[in-house]
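Structure assessment
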Number of protein chains: 2
Amino acid sequence: MTAEPLTPLPAAAPLGDGAPVLAFDVGGTDTKAALVDAAGRLVQVVRIPTPHAGDATGDAVVAAIAAVAERFRAEHPGVVPQAAGLLVPGHVDDDAGVGIFAENLGWRDFPFRDRAEAALGVPVAFSHDVRGAGEAEHRLGAAAPYRDVVVMAIGTGIAGAIFLDGRLHTGGGLAGEMGHSRVADGPLCACGGIGCLEAVASAAAIARRYNALTGADVPGAREVLALAQSGDEAARAVWDSAVDALALDLSHTVALLAPEAVVIGGGLAQAGPALFEPLAEKLDAILTFHRRPVLLPASIGENAGLIGAALRARDRSAGSAARSVEPSAEVAS
Amino acid sequence: MTAEPLTPLPAAAPLGDGAPVLAFDVGGTDTKAALVDAAGRLVQVVRIPTPHAGDATGDAVVAAIAAVAERFRAEHPGVVPQAAGLLVPGHVDDDAGVGIFAENLGWRDFPFRDRAEAALGVPVAFSHDVRGAGEAEHRLGAAAPYRDVVVMAIGTGIAGAIFLDGRLHTGGGLAGEMGHSRVADGPLCACGGIGCLEAVASAAAIARRYNALTGADVPGAREVLALAQSGDEAARAVWDSAVDALALDLSHTVALLAPEAVVIGGGLAQAGPALFEPLAEKLDAILTFHRRPVLLPASIGENAGLIGAALRARDRSAGSAARSVEPSAEVAS
């Protein structure tokens with residue numbers, strides 16, 4: 001993989017002082033990687049194609065990130081990572097360090113944390129991409145002021161990171177799958193469910209539904225919104241029903257958890273007021289006595305996953321340091 | 001209120017050794033009270049009518065429980081309560097110790113904890129009735145084996161207590177209101193919402209909907225179930241649609257939180273397999289890759305609220321003891 005070109009990404013906001021770390025955010029198509037220095041600067045940020053190798057995809061991903069780490073080491077010998085953070089999509093068991101399953105990627109129960117630690121030679125924090133990005137929003141972004149807050153990513157799919165009393169709830173790696181809640185009688189979802197939120201209201205679904213309805217071939221939700229705003233009735237119907245579905249699903253989240261805020265990121269959040277204003281109105285119309293959450297756009301942007309991975313890596317580094325302290329040191333202090 | 005007869009209730013399972021405490025569970029109609037001794041036995045359990053006094057209902061409730069406490073003191077002078085637990089319905093801010101609002105009861109922002117501490121002369125733990133009962137199920141009942149578990153009460157209303165990683169999530173006192181999640185296009189709910197779960201599937205709603213459909217006057221869901229089982233098609237339709245609504249709402253809870261188990265108590269749970277079997281089937285049919293929760297009936301029964309109040313009181317007693325330790329004692333140890 002080292003022969004592939006490394007495409008630089010714009011560096012994100014600095015993380016503040018701490019251990020130098022590596023950060024990796026593995027997506028279905030691309031994998032982002034960053035080297036973070038002791039001042040929290042993203043010294044280098046690159047993108048490589050995510051390797052697809054069937055059953056061997058887990059190993060290939062680990063080899064690819066190890067090759068990037070080697071290149072960072074060669075190009076920035078003064079920045080010595082103390083730990084790494086690794087995020088992958090799909091069903092992820094954070095505690096066990098295992099990637100259980102990811103659609104379109106070949107692994108099954110792959111021990112990412114152990115393999116990455118062996119390949120990188122540093123402690124590795126391992127988590128789910130949406131939870132990692134959510135953690136960045138919760139520690140450094142729009143969700144930071146809140147202890148009870150849901151961070152949703154609405155893009156190709158829909159998923160979320162749930163923080164209650166300031167703590168991330170993982171549910172064995174399966175919490176935050178509100179994208180696979182039934183909100184309508186159709187269409188069929190890729191997961192096999194009927195009328196899942198993701199099949200109605202994800203950015204991908206909005207484009208797909210508009211194309212199916214009209215025979216058009218628009219590439220994304222952005223174009224559907226533009227058509228709706230220019231008076232296209234089919235586009236307006238698709239957009240409105242997507243917002244209805246999001247409001248209905250959010251109303252369930254509100255009734256169950258009463259979050260103070262809901263932070264929305266991912267491609268659809270780029271619609272700005274065209275999403276947030278009708279969503280707040282429709283949600284308000286469903287709710288009665290419930291606590292109305294503040295609805296906010298995510299603030300960290302497309303590198304939130306990398307930032308979250310770096311934050312996790314620093315925790316892991318601090319955790320390793322704490323574990324290496326002799327027990328007698330505590331007694332003596 | 002001391003002139004009212006005290007109706008003994010059957011004593012519940014003992015709580016184990018700890019501080020002697022008072023426990024109060026205030027309902028819309030009746031208030032239950034118990035005296036718990038150091039061995040965790042419910043020495044005396046009584047029921048009094050809940051006073052209704054308009055704006056003064058909060059004060060009247062406190063006076064009524066203080067009168068019961070006085071009577072316990074006279075009849076059991078050897079059991080000296082170290083703390084009390086007090087549960088009330090409605091919107092309850094556990095942390096602030098305030099009853100914010102309860103339908104059919106007159107208080108608004110009433111400082112129950114402070115007033116009860118003044119009237120009883122012991123530290124008071126204050127919470128919501130469903131969260132208190134849920135806590136009993138989580139510490140001593142069907143929910144005890146699980147760290148991620150939702151305890152639902154389905155009776156006149158529907159609400160739940162949510163435990164994640166073993167901790168109760170209160171959401172400022174408004175979490176667990178899944179009874180007010182929209183699951184259908186109707187009927188109108190008492191809260192002002194449309195198609196709330198509680199308006200479709202509570203024990204009260206099942207009877208109400210059957211009576212509205214047929215002109216009958218059955219008193220409760222138990223009779224609707226019996227009619228459905230004897231071939232009454234309207235009763236079958238009402239029962240089935242209630243179970244459909246419960247399954248749909250649970251599927252949202254599962255997608256969002258991925259609980260290991262859902263424990264169901266309240267009057268409707270007494271239907272046993274007639275509820276739990278179709279509910280599990282319908283939930284399974286909606287879910288795809290999600291973690292299937294174990295569905296279990298609550299095990300503590302109608303005194304779960306009292307038991308929960310007593311457990312909270314013991315926590316408060318232990319907490320008070322800890323707070324009374326001189327700071328220097330910790331340094332010296």
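Identification of chain A as Glucokinase from Leifsonia soli is taken from an unreviewed UniProt entry. The heading Sequence similarities (unreviewed entry) in the UniProt record of chain A holds the text "Belongs to the ROK (NagC/XylR) family."

A tally of helices and strands in chain A yields 10 helices and 14 strands. Along the first, second and third principal axes, the C-alpha set of chain A runs to 65 × 50 × 35 Å. Across the 333 residues of chain A, 54% fall into the buried class. Of the roughly 13300 Å² that chain A leaves accessible, carbon and sulfur atoms contribute 54%. For chain A, the centre of its 24 positive side-chain charges and the centre of its 39 negative side-chain charges are spaced 2 Å apart.

Moving on: the nonpolar core. Most often, soluble globular proteins keep nonpolar side chains buried together rather than apart. Core analysis: the biggest nonpolar cluster contains 90 residues, and M152, L246 and L268 of chain A together with M152, L197, L246 and L268 of chain B have the highest contact counts within it. Look past the residues within four positions of L268 of chain B in its chain and what remains in contact with it is I154, A201, A203, I206, A221, W239, L246 and L275 of chain B.

For these two chains of identical sequence, chain B goes onto chain A by a turn of 180° and a shift of 0.0 Å along the axis, with RMSD 0.0 Å. Such values leave the two copies arranged in the relation of a two-fold axis. Among all residues of chain B, the one whose C-alpha sits closest to the rotation axis is H252 of chain B, at a distance of 3.6 Å. The fraction of interface residues of chain B whose copies in chain A are also interface residues reaches 97%, indicating that both copies meet through the same surface.

Residues and elements named next belong to chain B. Spatial ordering of the open sheet is given by β6-β7-β8, a layout of 3 strands whose pairing is antiparallel. The open sheet has two edge strands, β6 (91-93) and β8 (105-110), and neither has a second partner. This sheet shows a mean twist of 25° between the axes of neighbouring strands, independent of strand direction. Pairing of strand β7 (residues 98-102) with β8, which is carried by 3 bridges, proceeds in the antiparallel orientation. Looking at the pairing, F101 lines up with R108 of β8.

Residue and element names in this part refer to chain A. Across the sheet, which stays open at both edges, the 3 strands sit in the order β6-β7-β8 with antiparallel pairing between neighbours. Unpaired on one side and paired on the other, β6 (91-93) and β8 (105-110) mark the two borders of the sheet. Ignoring which end each strand starts from, the neighbouring axes of this sheet average 25° apart. Pairing analysis gives 3 bridges linking β6 to strand β7 (residues 98-102), with the strands arranged antiparallel. The residue bridging H91 from the neighbouring strand is F101, located in β7.

What counts, and where the lines are drawn
Residues numbered from 1 in each chain as written. Chains lettered and ligands numbered in written order. Predicted model: local features only at pLDDT ≥ 70, side-chain atom pairs only at ≥ 80, totals over all residues. Heavy atoms only, no water. UniProt positions renumbered as here; feature names shortened; annotations may be inferred. Helix = DSSP H or I, 4+ residues; strand = E, 2+ residues; numbered from the N terminus. Buried < 20%, exposed > 50% of the residue type's maximum accessible area, 1.4 Å probe, protein only. Areas by Shrake-Rupley, 256 points an atom, 1.4 Å probe, with all protein chains shown as cover. Lys, Arg positive; Asp, Glu negative; His and termini not counted. Charge placed at Lys NZ, Arg CZ, Asp CG, Glu CD. Core = buried A, V, L, I, M, F, W, Y, C linked by side-chain atoms within 4.5 Å. Contact = heavy atoms within 4.5 Å. Least-squares fit on C-alpha atoms with pLDDT ≥ 70 in both. Pairing = 2+ DSSP bridges. Axes fitted to C-alpha atoms, helices over the stretch in contact; angles between N-to-C directions.

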